[in-house]
There are 2 protein chains.
Amino acid sequence: MAVQRETTRDRILEAAENAFGDKGYHETLVDDIAGRTSLSKGGFYFHFPSKEDLFFAVIDRLASRLTRRAEEAAGRCESPLAGADAALSEVLTTLGRRRRLAKVLLVQGYSMGSAFEQKRVEVFGQFAAVIQDGLDRAVEAGEISPIDTEVVSRAWLGAVNEVIVNWIYRGTPAPSDALPVLRKVLVGGLERPTADREASNG
Amino acid sequence: MAVQRETTRDRILEAAENAFGDKGYHETLVDDIAGRTSLSKGGFYFHFPSKEDLFFAVIDRLASRLTRRAEEAAGRCESPLAGADAALSEVLTTLGRRRRLAKVLLVQGYSMGSAFEQKRVEVFGQFAAVIQDGLDRAVEAGEISPIDTEVVSRAWLGAVNEVIVNWIYRGTPAPSDALPVLRKVLVGGLERPTADREASNG
DNA sequence: CGTGACCGACCGACTGGTCGGTCGGTTGAT
DNA sequence: ATCAACCGACCGACCAGTCGGTCGGTCACG
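Quantities reported herein were computed from a predicted structural model and do not represent experimental measurements.

K.L.:
I would appreciate a short explanation of the relation of the copies chain A and chain B in the present structure.
P.N.:
Mapping between the two copies of the chain is achieved by a rotation about an axis and a shift along the axis. For the pair chain A and chain B, the best superposition has an RMSD of 0.1 Å and corresponds to a rotation of 180 degrees with a translation of 0.0 Å parallel to the axis. Taken together, these values place the two copies in the relation of a two-fold axis. No C-alpha of chain A lies nearer the rotation axis than that of A:Gly189, which sits 1.8 Å from it. A share of 100% of interface residues in chain A that are also interface residues in chain B marks the association as one of identical surfaces.

Here it is as C-alpha cells:
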C-alpha cells in the first residue's frame, strides 16, 4: 500500500527530530537515524535524497505546526492586539513543553553553509511575517499607534527566541515564568494611540 | 623577539575573523586561514592547538571588544537608564558597521557540537549580564519599576540579536534605521514608577 | 488455481573525497 | 650551536552517498 510509504517517512521524520535535537546536525549520522528507525542506510536513502533534505523537512514540519497553533490561538480572540498576545503565549507555551523540538527549530543546523542559512531566513521570515501581520492589524484597528512593524516584529521574534534558547541551554528561567514578563515588556512597548484617533475600518 | 609571536597570532586571528565571516566555521578550512596569513598549515598549528580553539579565540576577542565599547558608552552617561539606552545604540551602531564580524559573533559556529553550544551560553551570558546590570541599576535608582531583569535582559538581547541577524542575511532594515524603533519599543516597555516611589540608596 | 514476471521497499558492505592534524626537516637570528 | 618559528608532504579517520542484491507481495494470464 502507498500508506506504508508515508508511515515510514513519518517514522524517519520523527526519529530525525529527536536525533537532531539530541546531537545537532553534524553530529547526527545518517546511520544514527537509520538505527533509530530500524532501517538500513540504504532504506533511508530510498525515502530521502540526502541528509540535508531530511533536515529541512524536519524544520518545515515543526515550523508549520507552530505557525498553525499560533494563528489558531490568535483567531480565537476578538481584537488583533489580544490575538497577538495570545499567539505569543501559545508559542512560548508550546516550545516550553518540548525542549528538544525547540532546539531543532531555533538552534540546530543554522549557520553551516548557505543552504542552511537560506532556510533560517525562510523560517524566521515566516514567523516574523505572522507577527507583523498581527501588529499591522492592531495598528489598523487603532489599538496601537502606527510604528515600523517590520522592526518591531523582528524584535518580538528575537526576544522570544532568546528566552527560549536560553532556557534550552540553561534550563531556566522556564518559559512559563518568563511569559508574563515578556508580555508586559513587549506589549507594553507599544504606544497606545491618543484619544483623538479612532479605528478607520477599510 | 617575543613581540613577533604576538603579531603573527594577531594576523591569524584577523584572517580567521574574515574567513569565518565569509564562509562559516565548517566551510572554512585550516588551509584557507593559513593561506590568508601567508603561513603554512604547520605554521598555523605552531600558534594554535586546534581549529576549534582558534574559533573560540576569535569569538572571545570580538565579544570583549563589543562589551568594552558598550560599557564605555554607558559610563559616559549620567543615569543608569540613559546608560542602557546609550549602550544599546553603541552596540547596534558598532555591529551595523561590520556585517561580517557581526555574523561571526552572532551566527556562525554555534550549534555544531557541545563545545560550541557552551561557548554560545558563555558569550550570550556575558552580554545578558551587562544588560541586566544596567537594568538593575535603573531599578535601584528608581528610574523604572521593579521587574524580572533576568528575563527582560534576555528579551533585549534577543531583540537586538534578531534585528542584526536579519540585517546580516537580508541587508535590510539597516541597524541605523531600526535603532530608534528598537529604543522606543524596548525602553518604552519598561514601566515608569509611580510618583510615590523614590530611590532608596543602599 | 498455479506460476512467473515485475516492483516497491529495504539491505549493508563498500567507496571516495575531504580535511584536521602530524612530523621530520629547514631557516635565520642570537 | 641552539632554538623558536615555520614549512608542506603526508596520514588516516570519518561519513555521506552508492550499488548490486534480497525479499515479499501482487497481478496478468492460461
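On we go from here.
K.L.:
Would you mind showing me how to read the protein's contact with DNA strand D here?
P.N.:
Close contacts around DNA strand D come from 16 residues, with A:Lys41, B:Arg5, B:Ser40, B:Gly42 and B:His47 the closest. The sugar-phosphate share of atoms of DNA strand D within 4 Å of the protein amounts to 59%. Contacts to DNA strand D include B:Gly42, whose backbone N or O atom sits 3.3 Å from a base nitrogen. Separating a phosphate oxygen of DNA strand D from a side-chain N or O atom of B:His47 is a distance of 2.4 Å. Secondary-structure elements contributing two or more residues to the surface near DNA strand D are helix 3 (41-47) of chain A together with helix 1 (2-27) and helix 3 (41-47) of chain B. Tallying contributions element by element places helix 3 of chain B first for the surface near DNA strand D, with four residues.

K.L.:
Before we go on, may I ask you to explain the protein's contact with DNA strand C in this structure?
P.N.:
DNA strand C sits among 16 residues. The nearest are A:Ser40, A:Gly42, A:His47, B:Lys41 and B:Lys51. In the interface set of DNA strand C, defined as its atoms within 4 Å of the protein, sugar plus phosphate atoms amount to 59%. For DNA strand C, a phosphate oxygen lies 3.4 Å from a polar atom in the side chain of A:Thr8. Here a phosphate oxygen of DNA strand C sits 2.9 Å away from a polar atom, N or O, in the side chain of B:Tyr45. Mapped onto the surface near DNA strand C, the elements with two or more residues apiece are helix 1 (2-27) and helix 3 of chain A together with helix 3 of chain B. Top element by residues in the surface near DNA strand C is helix 3 of chain A. It accounts for four residues. Broken down by class, the residue content of the surface near DNA strand C amounts to five nonpolar, eight polar and three charged.

K.L.:
I would appreciate a short explanation of the nonpolar core in the present structure.
P.N.:
Inside soluble globular proteins, nonpolar side chains tend to come together where they are buried. Judged by nonpolar contacts, the single largest core of 128 residues is most densely connected at A:Leu54 and B:Leu54. Ignoring anything within four residues of it in the chain, the contact list for B:Leu54 reads B:Ile12, B:Leu13, B:Ala16, B:Phe20, B:Ile33, B:Phe44 and B:Phe48.

K.L.:
Quick question: what am I supposed to make of the packing of aromatic side chains here?
P.N.:
Two numbers describe a pair of aromatic rings. These are the distance of the centres and the angle of the planes. Residues and elements named next belong to chain A. Within the structure shown, the criterion is met by 22 aromatic pairs over all chains. An angle of 20 degrees between the planes, with centres 5.8 Å apart, marks the rings of phenylalanine 44 and phenylalanine 48 as stacked. This pair shows no difference in class: phenylalanine 44 is buried, exactly as phenylalanine 48 is. Through a chain of ring-to-ring contacts, the aromatic side chains of Phe20, Tyr25, Phe55, Phe56 and Phe116 assemble into a single cluster. In this structure, lysine 51 is placed above the aromatic ring of tyrosine 25, and the distance from its NZ or CZ to the ring centre is 4.4 Å. Here the guanidinium or amino end of arginine 120 rests over the ring plane of phenylalanine 124, the centre of that ring lying 3.8 Å away.

Parameters at a glance
- Residues numbered from 1 in each chain as written.
- Chains lettered and ligands numbered in written order.
- Predicted model: local features only at pLDDT ≥ 70, side-chain atom pairs only at ≥ 80, totals over all residues.
- Heavy atoms only, no water.
- Least-squares fit on C-alpha atoms with pLDDT ≥ 70 in both.
- Contact = heavy atoms within 4.5 Å.
- Near = heavy atom within 4 Å.
- Polar contact = N/O pair within 3.5 Å; in protein donor to acceptor, adjacent residues only side chain to side chain.
- Helix = DSSP H or I, 4+ residues; strand = E, 2+ residues; numbered from the N terminus.
- Nonpolar A, V, L, I, M, F, W, Y, C, P; charged D, E, K, R; others polar.
- Core = buried A, V, L, I, M, F, W, Y, C linked by side-chain atoms within 4.5 Å.
- Buried < 20%, exposed > 50% of the residue type's maximum accessible area, 1.4 Å probe, protein only.
- Phe/Tyr/Trp six-rings, centres within 6.5 Å; stacked < 30°, edge-to-face > 60°.
- Lys NZ or Arg CZ within 6 Å of the ring centre and 35° of its normal.

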